[in-house]
Amino acid sequence: QVHVVESGGGWVQPGGSLRLSCAASGRVLETYAMAWYRQGPGKQRELVASISSDGSTNYADSVKGRFTISRDNAKISVYLQMNSLKPEDTAVYYCSAEVRTGAFGWDRYWGQGTQVTVSS
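Residues numbered from 1 in each chain as written. Predicted model: local features only at pLDDT ≥ 70, side-chain atom pairs only at ≥ 80, totals over all residues. Heavy atoms only, no water.

### Section: the sheet that holds strand 7 (residues 67–72)
Turning to step 1, where the next piece is worked out: Pairing in this open sheet of four strands is antiparallel, and the strands run 1-3-8-7 from one edge to the other. Since the sheet does not close on itself, it has two edges, and those belong to strand 1 (2–7) and strand 7, each with one partner. Averaged over all pairs of adjacent strands, the angle between strand axes in this sheet comes to 15 degrees, irrespective of strand direction. (Pairing = 2+ DSSP bridges. Helix = DSSP H or I, 4+ residues; strand = E, 2+ residues; numbered from the N terminus. Axes fitted to C-alpha atoms, helices over the stretch in contact; angles between N-to-C directions.)

### Some details on the pattern of salt bridges
Turning to step 1, where the next piece is worked out: Scanning all chains against the criterion turns up six salt bridges.
Turning to step 2, where the next piece is worked out: The partner of Arg-100 in a salt bridge is Glu-30, and the shortest N-O contact between them spans 3.2 Å. One end of the pair, Arg-100, is in strand 9 (residues 91–100); the other, Glu-30, is in strand 4 (residues 30–39), with 70 residues separating them in the sequence.
Turning to step 3, where the next piece is worked out: On the basis of relative accessibility, which here comes to 34%, the residue Glu-30 falls in the partly exposed class.
Turning to step 4, where the next piece is worked out: With a closest N to O distance of 2.7 Å, Glu-46 and Arg-38 form a salt bridge.
Turning to step 5, where the next piece is worked out: The class for Arg-38 is buried, based on a relative accessible area of 6%.
Turning to step 6, where the next piece is worked out: One network of salt bridges, in which partners are shared, links Arg-38, Glu-46, Arg-66 and Asp-89. (Salt bridge = Lys/Arg side-chain N within 4 Å of Asp/Glu carboxyl O. Buried < 20%, exposed > 50% of the residue type's maximum accessible area, 1.4 Å probe, protein only.)

### Quick word on the pairing of strand 5 (residues 46–51)
Turning to step 1, where the next piece is worked out: As paired elements, strand 4 and strand 5 share five bridges and run antiparallel to each other. The partner of Met-34 across the bridge, within strand 5, is Ile-51.
Turning to step 2, where the next piece is worked out: For strand 5 and strand 6 (residues 57–59), the ladder comprises three bridges, and the chain directions are antiparallel. Pairing of Ser-50 across the sheet is with Asn-58, part of strand 6.
Turning to step 3, where the next piece is worked out: Following strand 5, the chain reverses through five residues before pairing antiparallel with strand 6; Gly-55 in that reversal takes a positive phi of roughly 95 degrees.

### Thoughts on the nonpolar core
Turning to step 1, where the next piece is worked out: Trp-36, Leu-80, Met-82 and Tyr-93 are the most contacted members of the largest nonpolar core, which has 29 residues in total.
Turning to step 2, where the next piece is worked out: Among the elements of the structure, strand 1, strand 3 (18–26), strand 4, strand 5, strand 7, strand 8 (77–82), strand 9 and strand 11 (114–118) are those that each provide at least two residues to this core.
Turning to step 3, where the next piece is worked out: Residue contributions to this core peak at five residues, all from strand 9.
Turning to step 4, where the next piece is worked out: Those residues in contact with Leu-80, other than ones at most four positions away along the chain, are Leu-18, Arg-19, Leu-20, Trp-36, Val-48, Ala-49, Phe-67, Thr-68, Ile-69 and Tyr-93. (Core = buried A, V, L, I, M, F, W, Y, C linked by side-chain atoms within 4.5 Å. Contact = heavy atoms within 4.5 Å.)

### Some words on the environment of Ala-60
Turning to step 1, where the next piece is worked out: Inspection of the secondary structure assignment puts Ala-60 in the loop between strand 6 and strand 7.
Turning to step 2, where the next piece is worked out: A relative accessible area of 18% means that Ala-60 is categorised as buried.
Turning to step 3, where the next piece is worked out: For Ala-60 and Val-48, which are twelve residues apart along the polypeptide, the C-alpha to C-alpha distance reads 5.2 Å.
Turning to step 4, where the next piece is worked out: Setting aside chain neighbours within four positions, we find Ala-60 in contact with Leu-47 and Val-48.

Worth remembering: the numbers are spatial, not functional.
Structure, rendered in structure tokens:
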């Protein structure tokens, strides 16, 4: 069993910053890509940023230059530094981790989500 837990959400004024953290635990033999997704009110879940096991990153156009994803493989953790936040960044942010728990293959595990609200 693998558990993925996010933290760091909250309320912030436009232009402010937040840092989200996510850690995986349990039967984790190897971790591949880790990512942050978000789902705003009335919207579909979308990819915000992803980072591969070798550190390659990918960002949604809407967050490029404002958000930075990073990871700590020793801690099986991924982070999302969010700067210059806008009201349209308001969403529930979910962490995902691709994890190998056995001899072959991998599965994607999701956290429960953390709310980020940007408003004045």
